[in-house]
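# A structural walkthrough
Here is what each chain is made of, one letter per residue.
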Amino acid sequence: MNIILLGPPGAGKGTQAQRIQDSHHMIQLSTGDMLRAAVEAGTEVGLKAKAFMESGGLVPDEVVIGIISERIDQPDCKDGFILDGFPRTSAQAEALDKMLEEKSLKLNAVIEMKVEDEVLADRVAGRYSCAKCGAGYHDTFLQPKVDGVCDSCGSTEFKRRADDNRETVISRLEAYHAQTAPLLPYYEGKGVLRSIDGMASIDEVTKQINHVLSAL
Ligand code: AP5
Ligand code: MG
Ligand code: ZN
């Protein structure tokens, strides 16, 4: 099964993709995570992406399309993948269609996580993750069971993203509404769009997604 999680910054795509990866043995493919790794490693892709990401704008289509196309070819994707943060423009969606056709792969569903703009800045500003294993947390909404210790791996080191501040969130939201939201009617027209209430609690959202997946 291959799916897309579509939603604005802070909608919960990464949080839910990690859970689906664990429960359904599908691989999370986050272009944001891949680009951040490239920036940290100082690769050619990272050098191209850094300024776009810091300003809250989108990285050029050809860069992300290239990354995803290579990644989907890896053997661990053959049992299914969850696209988290891709596609984000019409050009990316069309490139994905072409890629899937060439690789004889099917897109089973596009899950839209509907969240009102007003709550997104608080979600993004309070986010942090484990520096060792990447597990995601939130200052208020998702704290580790033991204060300062990662639930998943026991590490006591955490990190925050360079673009997780209230100013950059505004640009990221603008990019979402202008360039990514038009993909909703595109996928609706293909009959694969499923919408869920992303305003609900994290566990409730997981239940809704599991319900969608079990009906596929
Ligand atoms: P990316 O990393 O994809 O960021 P994003 O789309 O802005 O989404 P986020 O990761 O911020 O949010 P999320 O939906 O994953 O939320 P999360 O689960 O963490 O992209 C970053 C940048 O990379 C882009 O700006 C762009 O420059 C570039 N880029 C990436 N892909 C690209 C592409 N395809 N094309 C061009 N450029 C690209 O949740 C957020 C917080 O809220 C967490 O702390 C979580 O604990 C909490 N939370 C989650 N769900 C709930 C809930 N239901 N209730 C309460 N709290 C919740
Ligand atoms: Mg994310
Ligand atoms: Zn950890």
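Residues numbered from 1 in each chain as written. Chains lettered and ligands numbered in written order. Predicted model: local features only at pLDDT ≥ 70, side-chain atom pairs only at ≥ 80, totals over all residues. Heavy atoms only, no water.

## Regarding helix 2 (residues 31-41)
Cut-off, in case you're wondering: Throughout this description, buried means an accessible area under 20% of the type-specific maximum (1.4 Å probe, protein chains only), exposed means over 50%, and partly exposed covers the range between. Numbering of helices and strands runs from the N terminus, with a helix taken as a DSSP run of H or I at least four residues long and a strand as a DSSP run of E at least two residues long. Starting at the helix axis, one direction is taken to each C-beta atom, and the arc is that of these directions.
Within helix 2, burial applies to Thr 31, Gly 32, Met 34, Leu 35 and Ala 38. Along helix 2, the residues classed as buried sweep out an arc of 165 degrees about the axis, all on the same side. Seen from the buried face of helix 2, the exposed residues on the opposite side, beyond 90 degrees, are Glu 40 and Ala 41. Positive backbone phi, at 70 degrees, marks Gly 42, one or two positions downstream of helix 2.

## Some words on the environment of Val 115
The following threshold applies: Residue contacts follow a heavy-atom distance rule, with two residues in contact if any of their heavy atoms lie within 4.5 Å.
Here Val 115 lies in the loop between strand 4 (109-114) and helix 6 (117-125). Taking the relative accessible area as the measure of exposure, Val 115 reaches 12% and is therefore buried. In this structure Val 115 touches Pro 8, Ala 11, Leu 120, Arg 123, Gly 198 and Met 199, once residues within four positions along its chain are discounted.

## Quick word on the pairing of strand 4
Condition: Pairing between two strands requires that DSSP report at least two bridges joining them.
Burial analysis of strand 4 places 5 of its 6 residues in the buried class, the great majority of the element. Bridging between strand 1 (residues 2-6) and strand 4 involves 4 bridges; their strand directions are parallel. Across the sheet, the residue bridging to Ile 3 is Ala 109, located in strand 4. Of the pairings in the sheet, the one linking strand 4 to strand 8 (residues 193-197) comprises 5 bridges and is parallel in character. In the sheet register, Glu 112 faces strand 8, and the bridge partner there is Ser 195.

## Describing the site of ligand 1
Cut-off, in case you're wondering: Distances are taken per atom, and a residue is near a molecule or strand as soon as one of its heavy atoms is within 4 Å of it. Here a polar contact means two N or O atoms within 3.5 Å. Within protein one must be a hydrogen donor candidate and the other an acceptor candidate, and residues neighboring in sequence count only if both atoms are side-chain atoms. Methods summary: accessible areas were calculated by the Shrake-Rupley approach with a probe of 1.4 Å, and residue burial reflects only the protein chains presented.
Around ligand 1, 34 residues are found, and the nearest of them are Thr 15, Gly 57, Arg 88, Arg 127 and Arg 172. Here an oxygen atom of ligand 1 and a side-chain polar atom of Arg 36 are 2.9 Å apart. Residue Arg 88 places a side-chain N or O atom 2.5 Å away from an oxygen atom belonging to ligand 1. Within the complex, the protein chains bury 95% of what would otherwise be the 1000 Å² of accessible surface of ligand 1. For the shell around ligand 1, the secondary structure elements donating two or more residues are helix 1 (13-24), helix 2 and strand 6 (136-138).

## Observations concerning the pattern of salt bridges
Where side chains of opposite charge bring their charged atoms close, a pairing between them can arise. Counted only if it meets this: In what follows, salt bridge is the name for a side-chain nitrogen of Lys or Arg lying within 4 Å of a carboxyl oxygen of Asp or Glu.
According to the stated counting rule, one finds 16 salt bridges in the structure shown. One salt bridge connects Asp 139 with Arg 160, and the closest N-O pair in it is separated by 2.8 Å. Residue Asp 139 is located in the loop between strand 6 and strand 7 (158-159), and its partner Arg 160 is located in the loop between strand 7 and helix 7 (166-180); the two are separated by 21 residues in the primary sequence. A network of salt bridges, in which partner residues are shared, links Arg 127, Arg 161, Asp 163, Asp 164 and Arg 172.

## Some words on the packing of aromatic side chains
How two aromatic rings sit relative to each other is set out by the distance from centre to centre and by the angle between their planes. As a reminder, the rule being used: Centre distance within 6.5 Å is the pairing criterion for rings of Phe, Tyr and Trp, where only the six-membered ring of Trp is used; planes under 30 degrees apart are then read as stacked, over 60 as edge-to-face, and the remainder as tilted.
In the structure shown here, the tally under the stated rule is 4 aromatic pairs. Look at Tyr 137 and Phe 158: their rings are 5.9 Å apart centre to centre, the planes differ by 80 degrees, and that puts the pair in the edge-to-face class. Placement of Tyr 137 in strand 6 and of Phe 158 in strand 7 is noted, with a sequence separation of 21 residues between them. Members of the aromatic cluster, connected to one another through ring pairs, are Tyr 128, Tyr 137 and Phe 158.

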